[in-house]
Amino acid sequence: MEDGTIVNQIRKLRFNRGEMTQQELADLVGVTRQTINAIEAAKYSPSLELAFKIATAFGLPLEDVFKYKIDS
């Protein structure tokens, strides 16, 4: 299986939601602002449970927030 990277739309989605702050999203899903920052910057991949919580916070399916991109 090829290696890949998880990419996300969190920053864009926060902006489209009235410029929701990282702290506001963190509070909604029960993590720290630093965790949201690390996920946005692709320095940390969230657990499956956290990924679903983030998608739910935006009212979107998981695949609209996170994508698995195959490295070429």
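Higher on the page you've got the structure.
Treat the numbers as computed from the prediction; the structure is a model and nothing was measured. (Residues numbered from 1 in each chain as written. Predicted model: local features only at pLDDT ≥ 70, side-chain atom pairs only at ≥ 80, totals over all residues. Heavy atoms only, no water.)

## A look at the packing of helix H2 (residues 22-29) against helix H3 (residues 33-40)
- Where H2 meets H3, the closest approach of the two axes is 8 Å, and the angle between their N-to-C directions is 110°. Compared by their axis directions, H2 and H3 come out roughly perpendicular. Residue-level contacts link Gln22, Gln23, Leu25, Ala26 and Val29 of H2 to Arg33, Ile36, Asn37 and Glu40 of H3. (Axes fitted to C-alpha atoms, helices over the stretch in contact; angles between N-to-C directions. Helix = DSSP H or I, 4+ residues; strand = E, 2+ residues; numbered from the N terminus. Parallel < 35°, antiparallel > 145°, perpendicular 65-115°, else oblique. Contact = heavy atoms within 4.5 Å.)

## Digging into the environment of Ala42
- With respect to the helices and strands, the residue Ala42 is situated in the loop between H3 and helix H4 (48-57).
- Residue Ala42 is classed as partly exposed on the basis of its relative accessible area of 48%.
- Between the C-alpha atoms of Ala42 and Thr5, which are 37 residues apart in sequence, the distance is 8.4 Å. (Buried < 20%, exposed > 50% of the residue type's maximum accessible area, 1.4 Å probe, protein only.)

## Topic: unusual backbone geometry
- Look at Glu19: it is not a glycine, yet its phi comes out positive at around 55°.
- Tracing the chain through its elements places Glu19 in the loop between helix H1 (10-16) and H2.
- For Glu19, a relative accessible area of 53% puts it in the exposed group.
- Of note in this structure, Ala42 is not a glycine but carries a positive phi near 60°.

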